[in-house]
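The chain contents come next:
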Amino acid sequence: MTAYATEAAHQPAEDTVSAWTVACPSTRLRPDDGVAVLLPGGRQAALFRTRTGELYAVDNIDPFTGAAVLSRGIVGDRAGEPTIASPLLKNVFSLRTGRSLDDPDVTLDTWPVHDDGTTVRIDTRTPTEGAT
Amino acid sequence: MEELVVIGNGMVGHRLVEALRDRDAAGHWHITVVGEEPRTAYDRVALSSYFDGATADDLSLGDLSGPAVDVHVNERAAAIDRATRTVTTDSGRTLPYDRLVLATGSSPFVPPVPGHDLPGCHVYRTIEDLDAITAAARAGARTGVVIGGGLLGLEAANALRLLGMDAHVVELAPHLMPAQIDEGAGSLLAGLVSDLGVHVHTGTASTAVEAGPDGRAARLLLADGSHLDTDLVVFSVGIRPRDELARAAGLAVGERGGITIDDTCTTSDAHVHAIGEAACHRGTVYGLIAPGNAMAEVLADRLVGGQATFTGADTSTKLKLLGVDVASFGDAHGRTADCLDVVVNDAATGRYAKLVLSDDATTLLGGILVGDATAYATLRPLVGSPLPGDPLALITPQGETLGADALPDSAQICSCNAVTKGTITQAICDGNHDVPALKACTRAGTSCGSCVPMLKNLLDKAGIVQSKALCEHFAHSRAELLEIVRATGITTFSALIEAHGTGAGCDICKPAVASILASLGNGHILEGEQATLQDTNDRHLANMQRNGTYSVVPRIPGGEITPDKLIVIGEVARDFGLYTKITGGQRIDLFGARLEQLPAIWTRLVEAGFESGHAYGKSLRTVKSCVGTTWCRYGVQDSVGLAIRLEERYRGLRSPHKLKSAVSGCARECAEARGKDFGIIATDHGWNLYVGGNGGFTPRHADLLASDLDEPTLIRYIDRFLMFYIRTADRLQRTAAWIEAMDGGLEHLREVVVEDSLGIAADLEAAMDRHVDSYADEWAAVLADPDKLARFQSFANAPDTPDPTIAFTTTRDQPVPAAPVGLGIPTLRTRENAR
Ligand code: SRM
Ligand SMILES: Cc1cc2nc3c(=O)[nH]c(=O)nc-3n(C[C@H](O)[C@H](O)[C@H](O)COP(=O)(O)OP(=O)(O)OC[C@H]3O[C@@H](n4cnc5c(N)ncnc54)[C@H](O)[C@@H]3O)c2cc1C
Ligand code: SF4
Ligand code: FES
């Protein structure tokens with residue numbers, strides 16, 4: 001996905017400070033819930049907190065339908081692996097790796113997330129490219 | 001492309017076309033079917049169920065017309081010209097063929113006794129024959145005689161009984177079903193059939209039918225000089241293959257009729273084939289469906305270049321008479337040299353069983369079961385195999401019951417469709433883990449159904465517990481979880497999974513638990529943690545569309561709406577740029593709302609007096625109505641008023657699946673109430689209540705639960721019905737499937753709802769009263785709560801920025817989704833194209 005690489009590259013790789021995008025106040029993101037976050041350059045992340053407190057950000061666009069809806073899916077687990085089920089056609093993805101559990105060839109980009117107790121931020125320097 | 005013409009659209013002709021269409025992936029054949037009956041093929045084997053409530057539609061095998069298949073019904077092939085390879089039909093059409101298939105079946109044989117053609121004399125083969133018999137019954141026929149005591153004759157006699165007639169069977173042979181069973185079994189069967197109220201006369205020849213003063217059949221004369229007075233005669237003494245076209249075209253036919261075919265189903269002309277009851281193979285004309293289907297499969301294989309052969313077939317049968325079990329299989333008459341019989345004949349319990357064994361008593365050759373044919377499913381496939389145990393033990397009631405273990409892989413489990421145990425176990429290994437899946441992939445069990453118990457048994461043996469577990473997180477069924485929640489008073493998913501489940505949950509158990517919590521009245525569905533459990537549409541109280549936008553469906557109870565309210569809907573749609581459409585549920589749907597627009601849209605609607613229509617929920621959708629006595633000249637009750645009262649009573653009720661209803665003001669049924677989970681039809685005296693209907697994937701008409709009810713009783717019954725459904729159904733099980741799966745079915749449901757057989761009616765009614773008392777509009781509650789409103793934002797960090805991937809174009813003057821532009825990623829990313 002070269003289109004992604006060029007968009008993400010508008011942030012200098014060494015600029016570690018400005019690459020953290022403010023997503024929302026910590027209280028806004030409740031356990032097992034998700035929100036959509038607009039990223040610099042126009043991409044969108046689906047940001048989740050699981051019931052055990054882990055934070056994950058994956059691409060908000062459901063690759064099976066092209067709609068930006070993953071933040072509105074159901075958080076859960078499959079045999080212990082934290083997952084998100086797309087609200088449209090119920091395709092399930094691993095939150096850790098972004099990998100589709102329905103089609104091993106499909107993977108979502110993921111970004112690191114940090115919660116300092118007040119604010120949740122997403123590190124948007126470069127996504128971990130799902131598909132490679 | 002080559003041209004295949006099939007004459008006859010009966011069961012076997014249908015099977016051929018289906019099999020060929022499935023195999024001819026290359027599109028080598030174009031198929032033209034001509035059938036003389038006024039409809040496409042139907043299940044003749046199940047014909048008698050027509051008297052038991054099945055309709056012509058239920059019996060239909062489906063229309064195979066498509067790009068490569070033309071089906072012409074109501075058209076008879078009149079002649080075959082083998083020289084020019086054409087068929088002409090009675091409508092004057094000429095059909096050229098490269099290959100011709102005769103699947104013309106057979107016709108009932110009517111013996112030439114005097115009076116056989118009087119009005120009042122019938123045969124039993126087509127839906128039209130059955131309609132004629134029904135018409136005679138309606139016109140007042142009280143007594144009916146069936147001539148012929150074979151399989152079909154007994155079915156016909158039972159049909160007469162079901163039509164309320166006094167039924168007689170006259171059989172020439174010394175006992176019933178002479179073709180299938182022996183004397184001992186026959187006399188026991190005669191007793192059982194008599195117990196059903198059918199009079200049996202065996203060893204009796206019929207000599208003439210005499211007319212009464214009105215010129216209709218009135219009396220049957222018998223060879224012994226006696227007679228039977230009757231209003232109607234049905235001939236069922238055998239069948240004659242319909243080989244008349246073949247004879248006229250000079251094709252070879254068998255000594256006793258039937259178009260001669262070889263093991264490839266080819267006639268004496270290499271371009272002409274014959275299959276089914278019209279064909280004569282090695283001197284035999286088979287009058288059963290299984291051999292016909294086998295021929296159809298062989299011929300389909302040959303037509304695409306295969307090497308399949310037909311070398312004869314199983315003639316096992318099971319009688320489908322209500323309440324009488326009769327089965328015969330393999331060499332039932334013991335015609336194999338030196339064979340041995342093992343017989344249990346117990347007149348006291350009404351059972352007869354005979355096994356025919358090889359001379360060394362090791363191999364099963366055939367058998368007969370009367371009175372209790374449960375062993376049929378296991379014994380029939382064992383024919384030709386070594387016996388797994390003591391033969392006597394297999395047929396005595398206390399004896400061992402045979403499991404699927406005992407069968408070799410080559411054993412035929414489904415004889416109608418020639419499916420072996422090996423094929424079924426392979427299908428199970430391939431992941432077909434329930435009976436419907438096995439039926440779909442192997443066809444086993446799709447005809448007479450007698451092998452279905454064996455399919456279940458094979459699933460059990462394969463270790464497939466028909467698991468009730470909801471998903472990997474809960475080992476309980478939905479009904480069990482509901483009881484747990486009721487008993488423990490647990491009110492959150494977290495507490496429930498902590499105490500009774502494992503892991504974090506998923507998109508299956510979370511919505512199921514959310515629905516249980518909501519059914520039991522646990523407040524607003526977007527309250528706190530509950531919001532994260534809700535399925536796609538419940539999550540934002542609107543239906544998500546393909547592009548991530550939503551539809552908005554305000555409730556319009558009974559479909560009745562004032563002009564002012566209509567204008568508000570129009571204004572809202574115009575102001576927010578929404579696509580509008582009248583739904584199939586008598587209300588209006590507004591499409592294309594962005595997530596962040598929903599609160600503003602609903603503010604306007606709530607102000608105008610609208611409420612949520614729950615189009616998103618597994619809950620009551622609409623109660624449709626017809627205008628009834630309000631306007632209609634035929635109406636006998638106020639259907640609109642009742643529909644509105646019902647919709648207002650049950651609105652917001654969460655259930656295992658969606659609920660639909662309708663009320664019609666008279667039997668003309670303009671509201672289509674019988675297509676609903678609960679439907680009400682007005683009568684002169686009150687209301688008839690129907691339950692368990694639906695459209696959708698498997699359409700089904702609702703069944704009558706109770707008649708002529710006054711409104712308070714009607715509402716009490718509906719309360720009980722709905723609450724009982726909510727408490728005991730599985731997740732996503734519509735009422736139709738719920739009733740079908742219920743032990744005792746509709747009868748049991750009637751006992752619970754009408755007679756309160758479980759003593760729970762008061763409890764169910766109280767639960768419904770609590771629902772009615774606690775109902776509040778979900779959308780009004782969201783608008784009043786900032787916490788819930790926060791869910792309706794496009795982005796947490798940019799609440800006012802619309803999702804840039806959503807775009808619209810215009811079609812027929814309205815906005816519709818456009819493919820995502822710019823940033824949208826319409827194509828599926830795979831490892832391949834990512835590199
Ligand atoms: C809008 C409408 C079609 C229309 O343009 O007319 C419609 C649209 C949808 N139907 Fe329907 N159905 C609509 C009437 C029907 C009807 C006719 C009726 O109600 O009389 C049926 C057959 C009757 C029945 O349900 O028994 C019907 C059988 C289904 C089914 C199959 C159910 C089944 O048991 O097999 C589904 C799928 C499901 O519910 O699981 C479905 C599901 C859907 C959903 C909700 C799919 C979804 O989850 O996105 C569609 C989206 C609605 C939306 O976005 O607002 N819809 N759907 C109709 C809305 C009626 C209303 O006012 O609420
Ligand atoms: C009441 C009843 C119960 C039965 N129960 C059982 C059972 O339990 N088990 C079992 O195995 N079998 C049973 N059978 C037998 C089974 O139905 C037949 O074996 C099967 O239908 C044969 O299929 P077919 O296609 O050969 O003939 P059919 O189904 O009779 O089809 C032949 C079709 O060809 C049409 N046709 C004939 N000539 C022409 C022409 N010149 N032009 C156009 N069309 C023409 C006919 O109108 C007919 O529609 C039962 C039959 C009946 C009547
Ligand atoms: S169902 Fe009867 S009362 Fe209702 S509109 Fe139709 S004809 Fe009139
Ligand atoms: S044996 Fe008749 S359907 Fe299987």
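No experiment lies behind these values; they were computed from the predicted model shown. Each residue is numbered by its place in its chain's sequence as written, counting from 1. Chains and ligands are labelled sequentially in the order written, the chains with letters from A and the ligands with numbers from 1. Local features are withheld for residues below a pLDDT of 70 in this predicted model, meaning they are given only at 70 or higher, and side-chain atom pairs are given and counted only at 80 or more; totals for whole chains, interfaces and linings count all residues. Only hydrogens and water are set aside; all other atoms, that is, all heavy atoms of the structure, feed into the side-chain values.

A.B. asks: A description of the overall build of chain A should follow, citing residues and the corresponding values.
C.D. replies: Strands are runs of DSSP state E lasting at least 2 residues, helices are runs of H or I lasting at least 4, and numbering of each runs from the N terminus. Helix and strand content of chain A: one helix and 10 strands. When its helices and strands are written in sequence order, chain A yields α-β-β-β-β-β-β-β-β-β-β. Scored against the burial criterion, the 132 residues of chain A give a buried share of 56%. All accessible-area figures derive from a Shrake-Rupley calculation using a 1.4 Å probe, and residue coverage is judged against the displayed protein chains alone. If you sum the accessible surface of chain A, you get close to 5,100 Å²; carbon and sulfur atoms cover 56% of it. Burial status follows relative accessibility: with a 1.4 Å probe on protein chains alone, a residue under 20% of its type maximum counts as buried, one over 50% as exposed, and anything between as partly exposed.

A.B. asks: Could you give an account of the side chain of Arg 720 of chain B, naming the residues involved and the relevant values?
C.D. replies: Residues and elements named next belong to chain B. Tracing the backbone shows Arg 720 in helix H21 (residues 711-728). The exposure class assigned to Arg 720 is buried, which follows from its relative accessible area of 11%. Not counting the four nearest positions on each side in its chain, Arg 720 is found in contact with Val 753, Val 754, Ala 761, Leu 764 and Glu 765. Should any heavy atoms of two residues lie within 4.5 Å, those residues are considered in contact.

A.B. asks: Residues and numbers for the interface of chain B and chain A, please.
C.D. replies: At the interface, 49 residues of chain B touch 50 residues of chain A. In this description, buried area is defined as the sum, over both parts, of the accessible area (probe of 1.4 Å) that is lost when the two are combined. In this assembly, chain B packs against chain A so that about 4,000 Å² is buried in total across both faces, 50% of it on carbon and sulfur atoms. One side-chain nitrogen of Lys or Arg within 4 Å of one carboxyl oxygen of Asp or Glu is enough to make a salt bridge. Counting every contact that joins chain B to chain A gives five salt bridges. Between Asp 33 of chain A and Arg 791 of chain B there is a salt bridge; the shortest N-O distance is 2.9 Å. Two N or O atoms count as a polar contact when they lie within 3.5 Å, although within protein this holds only if one can serve as hydrogen donor and the other as acceptor, and sequence-adjacent residues are included solely when both atoms are side-chain atoms. Here chain B and chain A share 21 residue pairs in polar contact (both at pLDDT 80 or more) between them. At the level of secondary structure, the elements contributing two or more residues to the side of chain B that touches chain A comprise helix H14 (493-500), helix H15 (509-519), helix H16 (536-539) and helix H27 (831-834) of chain B. Of the residues forming the side of chain B that touches chain A, the biggest block, three residues, is contributed by H14 of chain B.

A.B. asks: Got a sec to walk through the environment of Ala 132 of chain B? Specific residues and values, please.
C.D. replies: Looking at where Ala 132 of chain B falls in the secondary structure, it is placed in helix H3 (residues 127-138). Considered as a pair, Ala 132 of chain B and Gly 120 of chain B are 12 residues apart in the sequence and their alpha carbons are 9.2 Å apart.

A.B. asks: Just give me the short version of the site of ligand 1, but keep the residues and values in it.
C.D. replies: Residue and element names in this part refer to chain B. Proximity criterion: a residue is near a molecule or strand once any of its heavy atoms comes within 4 Å of it. Of all residues adjacent to ligand 1, which total 22 residues, the nearest are Gln 545, Ser 551, Gly 584, Arg 587 and Lys 676. Taking Thr 583, its side chain carries an N or O atom lying 2.7 Å from an oxygen atom of ligand 1. Asp, Glu, Lys and Arg are counted as charged, while Ala, Val, Leu, Ile, Met, Phe, Trp, Tyr, Cys and Pro are counted as nonpolar; the rest, among them Gly, fall into the polar class. Here the shell around ligand 1 is built from residues that sort into three nonpolar, 11 polar and eight charged.

A.B. asks: Break down the sheet that holds strand E31 (residues 588-593) of chain B for me, with residues and values.
C.D. replies: Strands belonging to one sheet form pairs held by backbone hydrogen bonds; the direction of such a pair is parallel or antiparallel. All names here are of chain B. Here, any two strands with at least 2 DSSP bridges between them count as paired. Strand order in the open sheet formed by four strands is E28-E29-E31-E30, with antiparallel pairing between adjacent strands. Each of the sheet's edge strands pairs with one partner strand only, and the pair in question is strand E28 (543-544) and strand E30 (579-582). Here four bridges tie E30 to E31, and the two strands are oriented antiparallel to one another. Within the sheet, the bridge partner assigned to Lys 581 lies in E31 and is Asp 589. Fitting a line to C-alpha atoms yields each axis, with helices limited to the stretch in contact; the angle taken between N-to-C directions then spans 0 to 180 degrees. Packing against the sheet, helix H17 (residues 563-576) makes contact with E30 and E31, and its axis sits at approximately 15° to E31. Set on the sheet, helix H18 (residues 598-607) makes contact with strand E29 (550-552) and E31; between it and E29 the angle comes to about 5°.

A.B. asks: So what's going on with the sheet that holds strand E23 (residues 340-346) of chain B? Which residues, and what values?
C.D. replies: All names here are of chain B. What the five strands build is an open sheet, ordered E21-E22-E25-E24-E23; its pairing is antiparallel. Of all strands in the sheet, those bounded by a partner on one side alone are strand E21 (317-318) and E23. Across six bridges, strand E24 (residues 351-357) lies against strand E25 (residues 364-370) in antiparallel orientation. Following the sheet pairing, Tyr 352 is matched in E25 by Val 370.

A.B. asks: Quick rundown of the nonpolar core? Include the residues and the values.
C.D. replies: Residue and element names in this part refer to chain B. Put simply, buried Ala, Val, Leu, Ile, Met, Phe, Trp, Tyr and Cys residues joined by side-chain atoms within 4.5 Å make one nonpolar core. Residues Ile 7, Leu 102, Ile 275 and Leu 379 are the most contacted members of the largest nonpolar core, which totals 84 residues. Of the residues forming this core, the biggest block, seven residues, is contributed by helix H7 (residues 289-303). In this structure Leu 102 touches Ile 7, Ile 80, Ala 246, Leu 251, Ile 259, Val 272, His 273, Ala 274 and Ile 275, once residues within four positions along its chain are discounted. With 57 residues, the next largest nonpolar core counts Leu 470, Tyr 717, Phe 721 and Met 768 among its residues.

A.B. asks: Describe the pattern of salt bridges, listing the residues and the values that go with them.
C.D. replies: Residues and elements named next belong to chain B. Tallied over the entire structure, the rule returns 47 salt bridges over all chains. A salt bridge links Glu 128 to Arg 39; the nearest nitrogen and oxygen atoms lie 2.7 Å apart. Note that Glu 128 is positioned in helix H3 and Arg 39 in the loop between strand E2 (29-34) and helix H2 (56-59), a separation of 89 residues in sequence. On the accessibility criterion, Glu 128 (30% relative accessible area) is partly exposed. Its salt-bridge partner being Arg 720, residue Glu 765 comes within 2.7 Å of it at the nearest N-O pair. Taken as a pair, Glu 765 in helix H24 (residues 761-774) and Arg 720 in helix H21 lie far apart in primary sequence, 45 residues in all. With respect to class, Glu 765 is no different from Arg 720; both count as buried.

A.B. asks: How would you sum up unusual backbone geometry? Please name residues and give values.
C.D. replies: Despite not being glycine, Asn 74 of chain B has its phi angle at roughly 60°, a positive value. Relative to the assigned elements, Asn 74 of chain B resides in the loop between strand E3 (69-72) and strand E4 (77-81).

A.B. asks: Describe the pairing of strand E6 (residues 81-85) of chain A, listing the residues and the values that go with them.
C.D. replies: Residue and element names in this part refer to chain A. Along E6, five of the five residues are buried, which leaves the element largely enclosed by surrounding structure. Judged by which residues are buried, E6 turns out to be covered on both faces: Glu 81, Thr 83 and Ala 85 on one side and Pro 82 and Ile 84 on the other are all buried. As paired strands, strand E5 (residues 74-78) and E6 are joined by five bridges and run antiparallel to one another. Residue pairing across strands places Ile 74 opposite Ala 85, the latter belonging to E6. Here E5 hands over to E6 after two residues, with Ala 79 in that stretch at a positive phi of 50°. Both E6 and strand E7 (residues 92-94) contribute to a ladder of three bridges, which runs antiparallel.

Take it as geometry only, folks, not as evidence of what the structure does.
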